[in-house]
Amino acid sequence: GEPSVHPAWLPSEAFRALGSRRVLVHGDGPLVDTVETEVTWACSRFGGQALVAPYRDEPVDLVLALRWAGPLPAPATRALAPLNETGGGLGDEGFLLTRVGDTTVLLAGGPAGLLYGLYHVVRLGEAAFDPGLPTRRHRPALRRRMLDHWDNVAVHPLMGQVERGYAGGSIFWRNGGPRRDLARIRAYGRLLAACGINAISVNNVNVGGTEARLLTERLGDVAEIADVLRPFGVRVHLSVTFAAPVVLGGLPTADPLDEKVRSWWATTTRQVYERIPDFGGYVVKADSEGQPGPLTYGRSHADGANLLAEALAPLGGVVHWRAFVYNHRQDWRDRRTDRARAAYDHFAPLDGEFRTNVILQVKYGPIDFQTREPVSPVIAAMPATRLAVEMQVTQEYTGQQRHVCYLGPLWREILGFRPWGEEGRTVAAVVAGEPAQGPTRTRSGPGGGLVAVANVGDDPYWCGHPLAQANLYAFGRLAWDPELDPAAILDEWIDLTFPPTATEDPALVRETVHAIMDDSWRTYERYTAPLGVGFMVNPGNHYGPQVDGYEYSPWGTYHFADRDGVGVDRTRATGTGYTDQYPWPWRDVYESPETCPDELLLFFHHVPYDHVLHSGSTVIQHIYDTHFAGVEQVEAMFRRWQLLAGVIDPALHERVTDRLDEQVLSAREWRDHVNTYFFRKSGVPDARGRRIH
Ligand code: GCU
């Protein structure tokens, strides 16, 4: 049967190498206690020995030491004395791993570093005890690695308990109140620490009446979650409504420049910190899709964000102010309005006006978490603003955790994108807060880091689809080190989730899971909306194909297909002028269909069906070919997975088989909708004569 809760990337077996050794933990404090608890448990399980300070010259295989002030914890650590003195640039979250004689030694710069170091040792398994273990310093590239839960407290009539949630109910809330499954929250905190995530927000960015009260009357429920997550180094944030002074405080206005409003936020925020001293801060979706905001009062987004930032600053909190602002009541007849332009048009003029504890949270693309979008131009347009990039681990537009779609490669591409061309910084460097080299003046100071919408729920496998766990793991790992290779992350995840020491044929598991997942994002792209044009989904739930689903809607997401061609003209020469929002070279690369990358062609250009791509294929033939190929690949995934029957846990195997079944059906549906639609529009037959309906 199914497990009550699947251990995901922390099955007991993953602790075998560590747990069968003599391990000394040195340091004090709540996070060190967590490390001690893990080590003690692992050693009792696998026959090792957990040693506690004070240390008496016993032989030891592993030392996990926090930088120490008092006497040296073990002979092996003597070699590290100089580094211990200086900290060696480890920071609070970093650690050094090395071999001294027969001992593996981990020296952490701070308590969180010890925790991350522990899980790193777990990841390494036996390799952590290899005499040839290379000495390496580890430090997160990004200090802020956060998940946004779109969990509602009260069940929303349309969106349910979790907005865009595909893994059952919330792990925090149920039917209007806290779920109080603290063991589950603890297990979650542990998983988060083990992939490097250090912050979450606990409620949906669309803040309803019940959810608004988390800030005041229901603060105790938030404090309870914070208490459980604290030992795992995870800070709790809250989504708040901008109208809180009105709906909670009974004030006549929420105007950010009103004195009473300012003092209401100051007092309320102080009360939050009295209950939750390490509270992270607020997440705000303002003036977006019907949420209240400063524009109502004729004030700017900067006025709005600064209001909350001012209340949080003395207490050490930040405001994540979302840049997802656009007109969702657009007239589809109006070809000049372009939703892609909206975030830049709203925010770029405000660069430099935000307080230093405001983090402007920008979706990776200009539209909305599509399978393929260009990188948002906002990222290059606000050098004086602290920016975070927002990803979507929950697979709203990428198969809703019924389809296998490993998103590591998509995120890696975004993080490695260089908005100013080859010589410039990457997106990862921008959100890390690295200043630009050369004459351009940029702010100096910490970056806003990386945020993603979470994908877990109360499902026994956490994510509905067991393989979707890899997306959560990969997000954490990429936030820690944006240069990691997604295939290597998958290797880590496979070995943790299906430990080789507990598997009959580990090579087969590795090979099969890679074959299914490595390219699954591109496979998903092949059988869904073509060449970057996006959407073509059923309105509302966003699952499954409906080519014209949003074509005559107010949402601003159109493909403009007619009998001659398809795509959105976003050029400055003849279109919406969106390409103008990019710095050189991209403003020119995207402007011309000659240089625009194939995969984004229809995002930027409206072209005839016989337009020839760089690949040599025409647009129409590309549509047919990729849709046939995509379905064949999904069918192959299904067959591959059957090779693992009897090799891995049968319940997990069956769950994935069920989902793959659905993925095959859904992919065929996509193929036939899209191919038939374009065949009927264009009248151009498939050059290879395959069946189109
Ligand atoms: C998408 C999603 C909404 C969500 C919104 C947001 O549009 O469909 O459910 O509220 O993004 O990011 O705020």
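Basis of the calculations
- Residues numbered from 1 in each chain as written.
- Predicted model: local features only at pLDDT ≥ 70, side-chain atom pairs only at ≥ 80, totals over all residues.
- Near = placed C-beta within 6 Å.
- Nonpolar A, V, L, I, M, F, W, Y, C, P; charged D, E, K, R; others polar.
- UniProt positions renumbered as here; feature names shortened; annotations may be inferred.
- Helix = DSSP H or I, 4+ residues; strand = E, 2+ residues; numbered from the N terminus.
- Pairing = 2+ DSSP bridges.
- Axes fitted to C-alpha atoms, helices over the stretch in contact; angles between N-to-C directions.
- Contact = placed C-beta atoms within 7 Å.
- Parallel < 35°, antiparallel > 145°, perpendicular 65-115°, else oblique.
- Left-handed = near helix turned anticlockwise from the far one by under 90°.
- Expected span 1.5 Å × (residues − 1).
- Buried ≥ 20, exposed ≤ 12 C-beta atoms within 10 Å, placed from the backbone.
- Arc of directions from axis to C-beta.

### Concerning the site of the ligand
Phase 1 of the analysis: Contacts to the ligand come from Glu163, Arg164, Val205, Asn206, Lys285, Glu289, Phe324, Asp368 and Glu396.
Phase 2 of the analysis: Split by residue class, the shell around the ligand holds two nonpolar, one polar and six charged.

### Things to note about the UniProt feature "domain: Glycosyl hydrolase family 67 C-terminal" (unreviewed entry) in the protein chain
Phase 1 of the analysis: Cross-referencing UniProt, the feature "domain: Glycosyl hydrolase family 67 C-terminal" (unreviewed entry) maps to residues 463–690 in the present numbering.
Phase 2 of the analysis: In the segment residues 463–690, helix accounts for 49% and strand for 2%; the C-alpha atoms at its two ends are 37 Å apart.

### What to know about the sheet that holds strand E4 (residues 95–100)
Phase 1 of the analysis: Spatially, six strands are ordered E2-E1-E3-E5-E4-E6 in an open sheet, and the strand pairing comes out mixed. In the strand order of this sheet, the two ends are held by strand E2 (49–52) and strand E6 (136–138), each with one partner. For this sheet, the mean angle separating the axes of adjacent strands, direction not counted, is 20°.
Phase 2 of the analysis: As judged from the four bridges shared by strand E1 (residues 22–26) and E2, these two strands associate in the parallel manner. Bridging from a neighbouring strand, Val23 pairs with Ala50 of E2.
Phase 3 of the analysis: Lying on the sheet, helix H2 (residues 30–46) is in contact with E1, E2 and strand E3 (62–66); it crosses E1 at an angle near 170°.

### Some words on the packing of helix H16 (residues 486–497) against helix H17 (residues 506–517)
Phase 1 of the analysis: Following both chains from N to C, one finds H16 and H17 inclined at 135°, their axes separated by 10 Å at the closest point. One finds that H16 runs oblique with respect to H17. As for the relative orientation of H16 and H17, their crossing is right-handed in sense. Of the residues in H17, those touching H16 at Ala487, Leu490 and Ile494 are Val509, Arg510, Val513, His514 and Met517.

### Some remarks on H2
Phase 1 of the analysis: Taking 1.5 Å of rise per residue, the 17 residues of H2 would be expected to cover 24 Å, and the 24 Å separating its terminal C-alpha atoms lies within 8% of that figure.
Phase 2 of the analysis: Among all positions of H2, only Leu31, Val32, Thr34, Val35, Glu38, Val39, Ala42 and Cys43 are buried. Down the axis of H2, the buried side of the element spans an arc of 155°, and every buried residue falls inside it. Turned more than 90 degrees from where H2 packs its buried face, Pro30 and Ser44 sit exposed.
Phase 3 of the analysis: As for H2, its buried residues are in contact with helix H1 (16–19), E1, E2, E3 and helix H4 (111–124).
Phase 4 of the analysis: Directly beyond the C-terminal end of H2, a positive phi value near 85° is found at Gly47.

### Overview of the packing of helix H15 (residues 469–480) against H16
Phase 1 of the analysis: H16 packs onto H15 with a crossing angle of 125° between their chain directions and a minimal axis gap of 10 Å. On the basis of their axis angle, the class for H15 and H16 is oblique. Our pair here, H15 against H16, has a crossing hand that is right-handed. Taking contact as the criterion, the partners of Gln469, Ala470, Tyr473, Ala474 and Arg477 in H15 are, on H16, Pro486, Ile489, Leu490, Trp493 and Thr497.
Phase 2 of the analysis: In the contact of H15 with H16, the residues fall into seven nonpolar, two polar and one charged.

### Brief notes about the pairing of strand E5 (residues 103–108)
Phase 1 of the analysis: Within E5, six of the six residues are buried, leaving the element largely enclosed by the surrounding structure.
Phase 2 of the analysis: Of the two faces of E5, the one lined by Thr103, Val105 and Leu107 and the one lined by Thr104, Leu106 and Ala108 are each fully buried.
Phase 3 of the analysis: Looking at chain direction, E3 and E5 are connected through five bridges and run parallel. Bridge pairing links Leu66 to Ala108 in E5.
Phase 4 of the analysis: Bridge count between E4 and E5: six bridges; the pairing is antiparallel. Bridge pairing in E5 links Thr98 to Val105.
Phase 5 of the analysis: Counted along the chain from E4 to the antiparallel partner E5, the turn is two residues long, and its residue Gly101 has a positive phi close to 60°.

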